[in-house]
Amino acid sequence: MTLTPGDTTHRRTLRWQSARVLAVHDETPRARTLRLGLPEPRRHLAGQHYVLRLTAPDGYTASRSYSIASAPDDTGEIELTIERLDDGEVSQYVHEVVVPGDELEVRGPIGGFFVWPGHTPALLIGGGSGVVPLMSMLRLARRGGRADLVRLLVSARSPEDLYYAGELPGPETTVIYTRRAPAGAARSAGRITAADVAPLLRGEQEAYLCGSTGFADAASAQLVAAGFPVEKIKVERFGPSG
Amino acid sequence: MAGPTRGFFGRNRAARDPRLPPGQYDARDDWPVLHAEATPRISSDRWTFTIEGLVEQEVSWTWAEIHALPASRYSGDIHCVTTWSKLGMTFDGVSVDTLLAAARPLPSATHVVAVSHTGYTTNLPLADVTGGRAWVVWDADGQPLTVEHGGPARLLVPHLYFWKSAKWVSGLRLLDHDEPGFWERNGYHDRGDPWAEQRYQGD
């Protein structure tokens, strides 16, 4: 049995509630963070997600799931970072219409598998928007003074596509670029390789991989080739979800 | 339910296909891949499928043996809880009715847990995998099922959300009670009817 879920999503957390948009912040030209105030705050685990539901005047709805970027805390507020997809009915609304003061229907937190409990060694590997749930984990580790537990590898297309660029750098984080690296970078642009992964491996880690299916499969193949136990790899794949 | 969301009118309704359950969109040529474990490599040489639990006779099939059973095809739609649907697909394999007939469920059996070679599990009422509504399939749209989509073979229960259609399926265990599987223990619905939008526990 390689999948070990936890019983971390409760019926109470699955009621819809109307969140208030407190702030809007663009991470990149295609990634926007919403800070939401929750009338019924529910403490989340790093790695969980919320569902956002939009309702048209005639009752038509569109719902999508978005990872929580903020660390678990007691503020009653969460941050969701939402990538704009070309054909994305919900993500385009978020990017074009939402302003502070709006009310948005959400439910969560949801998910008990792709969660980091905060006290175990973790190897975090994220591609593109896949960094979002890993950012919640990094923020949790740093805030608790346990950044030594995590190693975070982020893959972005170019410096302009890197989420949380101001906050990511640190001794526990590595950024690689697949299309264009910054001038003077030691590593030239290219997809994730064994050489990127090898320095991050330590015993007793669990791996959390998040990104597109292609990225997740490439990263897990590199880990398995490096001898990482496959049953200690947890994967969250982002399909096109609009 | 709350009132409408300010400034949201929905983009896709004029062309909305009546085959789409509420809250779903047509993924058209995409077939998204979503699963929680590293994609396994399971050779058809080593693949087996077993029905066990509350049956008169536990039965296992090898790849060759299950292919020798009467073929059965599903033509229709599939619906993922993450809100994509794919319309007008064709899957080839064997009906679960054929497999259960060999094992002969006991009268006390009410539910099944589908098990995968990766350890993934999902629970279903027995009634949802009988009566021509569930298959073990190895071809999708005329091509062998790729490993990303659960190849060499997956369960197919297309009238329920697609997480019930366990990838890399290794068998069914018949029970006299409902026993939540992997996603169901993580808040997803025990039945998962897309037309009732049974996405999460309590829906």
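In this text, all values refer to a predicted model and were calculated from it rather than measured experimentally. (Residues numbered from 1 in each chain as written. Chains lettered and ligands numbered in written order. Predicted model: local features only at pLDDT ≥ 70, side-chain atom pairs only at ≥ 80, totals over all residues.)

Quick word on the interface of chain B and chain A
Alright, step 1. Chain B puts 36 residues into the contact, and the matching count from chain A is 44 residues.
Alright, step 2. For the side of chain B that touches chain A, the residue count by class is 14 nonpolar, 15 polar and seven charged. (Contact = placed C-beta atoms within 7 Å. Nonpolar A, V, L, I, M, F, W, Y, C, P; charged D, E, K, R; others polar.)

With respect to the confidence of the model for chain A
Alright, step 1. Taken residue by residue, chain A gives an average pLDDT of 91. The fraction at 70 or more is 93%.
Alright, step 2. The low-confidence segment residues 1-6 of chain A, where pLDDT is below 50, has 17 contacts with residues more than four positions distant or belonging to other chains. (pLDDT = per-residue confidence, 0-100.)

Observations regarding the sheet that holds strand E11 (residues 169-175) of chain B
Residues and elements named next belong to chain B.
Alright, step 1. Strand order in the open sheet formed by five strands is E3-E2-E11-E6-E7, with mixed pairing between adjacent strands. Strands with a single pairing partner mark the edges of an open sheet, and in this sheet they are strand E3 (59-62) and strand E7 (121-125). Sheet twist, expressed as the mean angle between neighbouring strand axes with direction ignored, is 15°.
Alright, step 2. Across four bridges, strand E2 (residues 48-53) lies against E3 in antiparallel orientation. Across the sheet, residue Phe49 finds its bridge partner in E3, namely Trp61. (Pairing = 2+ DSSP bridges. Helix = DSSP H or I, 4+ residues; strand = E, 2+ residues; numbered from the N terminus. Axes fitted to C-alpha atoms, helices over the stretch in contact; angles between N-to-C directions.)

Brief notes about helix H2 (residues 131-143) of chain A
The α-helix winds at 3.6 residues per turn, so residues separated by three or four positions along the chain end up facing the same way.
Residue and element names in this part refer to chain A.
Alright, step 1. In this model, H2 (13 residues) spans 18 Å end to end at C-alpha, consistent with the 18 Å of a helix rising 1.5 Å per residue.
Alright, step 2. The buried fraction of H2 is high, at 10 of 13 residues.
Alright, step 3. Taken together, the buried positions of H2 are Val131, Val132, Pro133, Leu134, Met135, Ser136, Met137, Leu138, Leu140 and Ala141. (Expected span 1.5 Å × (residues − 1). Buried ≥ 20, exposed ≤ 12 C-beta atoms within 10 Å, placed from the backbone.)

Thoughts on helix H4 (residues 213-225) of chain A
All names here are of chain A.
Alright, step 1. Spanning 13 residues, H4 covers 18 Å between terminal C-alpha atoms, matching the ideal 18 Å at 1.5 Å per step.
Alright, step 2. Among the residues of H4, Phe215, Ala216, Ala219, Ser220, Gln222 and Leu223 are the ones counted as buried. For H4, the buried positions fall inside an angular range of 155° around the axis, keeping them on one side.
Alright, step 3. The elements touched by buried residues of H4 are strand E7 (122-127), strand E8 (150-156), helix H3 (194-197), strand E10 (206-211) and strand E11 (233-237).
Alright, step 4. Gly227 sits one or two positions beyond H4 and adopts a positive phi of about 95°. (Arc of directions from axis to C-beta.)

Comments concerning the nonpolar core
General note: in soluble globular proteins, nonpolar side chains tend to be found buried as a group.
Alright, step 1. Tyr50(A), Leu80(A), Leu124(A), Leu134(A), Met137(A), Tyr208(A) and Leu209(A) are the most contacted members of the largest nonpolar core, which has 65 residues in total.
Alright, step 2. Here this core gets eight residues from one element, more than from any other, and that element is H2(A).
Alright, step 3. When residues of this core are assigned to domains, at least three fall in each of domain 1 (11-110) and domain 2 (122-237) of chain A.
Alright, step 4. Each residue touching Leu80(A), except ones within four places of it in the same chain, is listed here: Thr33(A), Leu34(A), Leu36(A), Tyr50(A), Tyr66(A), Ile68(A) and Ala69(A).
Alright, step 5. Judged by nonpolar contacts, the second largest core, of 48 residues, contains Val113(B), Ala153(B), Phe162(B) and Phe182(B). (Core = buried A, V, L, I, M, F, W, Y, C linked by C-beta atoms within 7 Å. Domains from an automatic or database assignment.)

Focus: the domain arrangement of chain A
Residue and element names in this part refer to chain A.
Alright, step 1. Each assigned domain of chain A is listed with its residue range as follows: domain 1 (11-110) and domain 2 (122-237).
Alright, step 2. Relative placement of domain 1 and domain 2: their C-alpha centres are 24 Å apart.
Alright, step 3. Each partner contributes to the interface: domain 1 provides 13 residues, whereas domain 2 provides 14 residues.
Alright, step 4. Secondary structure elements with two or more residues in the side of domain 1 that touches domain 2: strand E1 (17-28) and strand E5 (77-83).
Alright, step 5. Tallied by class, residues from the side of domain 1 that touches domain 2 come to six nonpolar, five polar and two charged.

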